[in-house]
Amino acid sequence: MTGKTISEKLLSEKSGRDVRAGDYVEAAVDVMMTHDVTGPLTFEVFEDVTGDDPELVDPDNTVITIDHHAPADGVEAANNHNIVREFADTYGAQQYEVGDGICHQVLVEEGFVSPGDLVIGADSHSTTFGGVGGFGTGVGSTDLGTTLATGELWFRVPETLRFEVEGDLPDGVYAKDLILKFIGDVGFDGCTYKTAEYGGSAVEALPIHERLVLSNMAIEMGGKAGIVAPDERTADFLEAQTGERPAIPAYTQPDDDADYEAVHTYQAESLSPQVSTPSNPENAVPVDEVVGTDIDQLFVGTCTNGRYEDIRIVADVIEGERLAPDTRMVVVPASRSVYKQMMDTGVMETFVDAGAIVQSAGCGSCFGTHQGVLGDGDVCLATANRNFPGREGSMKSEVYLASPATVGASALYGEITDPREVELNRYDDYVLEGVGA
Amino acid sequence: MTDADAGRDIDTTEPGRAWTFGDDIDTDQIIPSRFLVSSDPAELGEHAFNDLRPEFAPNVADGDFVVGGHNFGSGSSREHAPISLLGAGIDGIVAQSFARIFFRNGINLGLPVLICPDADRIDDGDAISLRLDEGAVVNHTADERYDADPLPEFLQSLVDRGGLEPYTRAKLGTE
Ligand code: SF4
């Protein structure tokens, strides 16, 4: 009998049964999340199933953010925000306001997710929580609405694809480049119904904000979850966020002889910065193939790369310079605390001086409704996760996806630029400021 | 026999008309975004496949089936898509493969979803029926029978009860 993957161990633990990939379980859910877009339908389901005496099974771990249409971009959005506020008020859920940040970032910063937690969110990027060693997955409103009442949900135990990266990442190559490469290799649906487990010495060396990038974009290859086995670095990070050091349960570590559906192995030194061309994340190519592509707008933000460390990389590249003529840059911090760090460290000033626009924390133009949407023919280079047709506005606009370093370098020239052409600070240079671990 | 959200009995063993579609039918094609202002099954049903196949909604009858190719229901996690098909009167969906969240949503709503590698042998307009427990699709027009993946016991029990809402109500004693 071979060993078990993280998913098999974690779902065995949460269901109280000894299960393997392919089994169906009902498992105890630790944290539940929804937001201003998926919230209202979720609340309807919750109220439908709870009858006369509606009660949240775990209000302390029921989190609702207002981040997608924040601040409200229309009356309908504003009304939805009020529905969220009223629900949270009535049932005692943990509610975060306009400007507090993107759901996935808020849950991590506020310490809702601990290693080994089973987390569901009515948002497809709920895979993000695997960056701190949780099993995070996106679900529908019926799933979430019923779980708010019962605390458990059915799951099929997924098979696992393992991605191993050994060695040291070269200059200019970040977690974003790794995940774009993985997605390009297995394809847009290459991990459907499955978990992506990330490991190897290069992944172990990644700080948490970079591991979150790998987990966040697991969904772009169809993944049900994307997990990095939690370690001391994870515990350090969460202790710094919350003041409490979490335990690392044994069931979060895969067996050496775990039964993976496939193992993809990479040598870090051979990797280069990647760019996904329009209009699918799986169109990943080495940056040199698209160098020189004209860019109208640069977008720095989202639950993928809107953390302080990401924004700081861009700021370091453009510091003291102006954006290239005929380009605009929109920066949207992932949370209020990121916004605050930008103010405290002078990063805000760098952007304003360079001619960029800095918005309040939230999803921004990521899904194309406000705060910098694209018009016909516009070409955008974004630190985001999706570049489907029309994702950031017009069906006739185009979005390229890349790392913050590539976006920063490209801002100087107004065209896609190899980040290795400019002087880059690695995040190691400033984690000592206490903003990352 | 199940009592689905749409408030009508579903019996997949009764033959119904097959409405066939190709690969990669995404949730936008099933129910375009502009109709998402409602979550009422009947109202959504009136707009199912509105742009892709305008003759679908006016002509579909209770007890008909939708047949898809690969990756049926891809795209956003909007639950309005399977709700609209239930509302239109569809008793089940057969496809060569489904996108993950659509499959989940179908089960949760009590809408039978069956994976059948031979779904492409079904022609539009054929009379078909589904044997969920055995895992089979019967094509009455062509007089053929195709193997399908039977639903795992747990999922079958969810569908039998009409989906996750009735299942949860039973659990909570709020029926
Ligand atoms: S930032 Fe974009 S991808 Fe992330 S939760 Fe918001 S809309 Fe979704």
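Note that this is a predicted model, so its numbers are computed, not measured. (Residues numbered from 1 in each chain as written. Chains lettered and ligands numbered in written order. Predicted model: local features only at pLDDT ≥ 70, side-chain atom pairs only at ≥ 80, totals over all residues. Heavy atoms only, no water.)

> Outline the interface of chain B and chain A, listing residues and values.
For interface size, the figure often reported is the accessible area lost on association. Taken together, the contact between chain B and chain A spans 26 residues of the former and 27 residues of the latter. Buried area between chain B and chain A, summed over both chains or domains, comes out near 2,300 Å², and the portion from carbon and sulfur atoms is 59%. On the chain B side of the contact with chain A, R100, R104 and E165 of chain B bury the most area, a combined 30% of that side's loss. Linking chain B with chain A are three salt bridges. Between E152 of chain A and K171 of chain B there is a salt bridge; the shortest N-O distance is 2.8 Å. Our count for the chain B to chain A interface comes out at 14 residue pairs in polar contact (both at pLDDT 80 or more). Listing elements by their share of the side of chain B that touches chain A, those giving two or more residues are α5 (100-109), α6 (153-160) and α7 (164-172) of chain B. Considering each element in turn, the side of chain B that touches chain A owes the most residues, eight residues, to α5 of chain B. The residue inventory of the side of chain B that touches chain A, partitioned by class, reads 14 nonpolar, six polar and six charged. (Contact = heavy atoms within 4.5 Å. Buried area = accessible area lost by both parts, 1.4 Å probe. Salt bridge = Lys/Arg side-chain N within 4 Å of Asp/Glu carboxyl O. Polar contact = N/O pair within 3.5 Å; in protein donor to acceptor, adjacent residues only side chain to side chain. Helix = DSSP H or I, 4+ residues; strand = E, 2+ residues; numbered from the N terminus. Nonpolar A, V, L, I, M, F, W, Y, C, P; charged D, E, K, R; others polar.)

> Just give me the short version of the sheet that holds strand β7 (residues 127-131) of chain B, but keep the residues and values in it.
Residue and element names in this part refer to chain B. Taken together, the seven strands give an open sheet; going across it, the order is β6-β5-β4-β3-β7-β8-β9, and neighbouring strands pair in mixed fashion. What marks the edges here is a single partner per strand, and that holds for β6 (113-115) and β9 (144-147). Taken pair by pair, the neighbouring strands of this sheet meet at an average axis angle of 30°, ignoring direction. (Pairing = 2+ DSSP bridges. Axes fitted to C-alpha atoms, helices over the stretch in contact; angles between N-to-C directions.)

> Please give an account of the side chain of S74 of chain B that cites residues and values.
Checked against the element boundaries, S74 of chain B lands in the loop between β4 (65-68) and α4 (80-88). Those residues in contact with S74 of chain B that sit more than four places away from it in its chain are D24, I25, D26, T27 and A99 of chain B.

> Tell me about the UniProt feature "binding site: [4Fe-4S] cluster" (unreviewed entry) in chain A, residues and numbers included.
Residues and elements named next belong to chain A. The positions that UniProt labels "binding site: [4Fe-4S] cluster" (unreviewed entry) are, in the present scheme, C303, C363 and C366. Over a stretch of 64 residues, the named residues converge on one spot in the fold, their C-alpha atoms separated by at most 9.3 Å. Position of C363 relative to the elements: it lies in the loop between β16 (357-358) and β17 (379-382). The contacts of C363, once residues within four sequence positions are left out, are D67, H68, I102 and F299. With respect to the helices, strands and loops of the structure, C366 is situated in the loop between β16 and β17. If sequence neighbours within four positions are ignored, C366 has contacts with F299, T302, N385, R391 and E392. (UniProt positions renumbered as here; feature names shortened; annotations may be inferred.)

> So what about unusual backbone geometry? Which residues, and what values?
Residues and elements named next belong to chain A. The amide bond that connects A70 to the next residue, P71, takes the cis arrangement and shows omega of -10°. Checked against the element boundaries, P71 lands in the loop between β3 (62-65) and α3 (75-91). A cis amide bond links P278 to the next residue, S279, at an omega of 0°. As for its placement among the helices and strands, S279 is situated in the loop between β12 (274-276) and β13 (284-286).

> With reference to specific residues and values, describe the packing of aromatic side chains.
Per the counting criterion, the structure on display carries 21 aromatic pairs over all chains. Look at F49 of chain B and F56 of chain B: their rings are 4.9 Å apart centre to centre, the planes differ by 85°, and that puts the pair in the edge-to-face class. Each of the two residues, F49 of chain B as well as F56 of chain B, counts as buried. Between the aromatic rings of F98 of chain B and F102 of chain B, the centroid separation amounts to 6.2 Å while the plane-to-plane angle is 5°, which identifies the pairing as stacked. With a relative accessible area of 3%, F98 of chain B lands in the buried category. A relative accessible area of 3% places F102 of chain B in the buried class. Members of the aromatic cluster, each reached through a chain of ring pairs, are Y24 and W154 of chain A together with F154 and Y167 of chain B. (Phe/Tyr/Trp six-rings, centres within 6.5 Å; stacked < 30°, edge-to-face > 60°. Buried < 20%, exposed > 50% of the residue type's maximum accessible area, 1.4 Å probe, protein only.)

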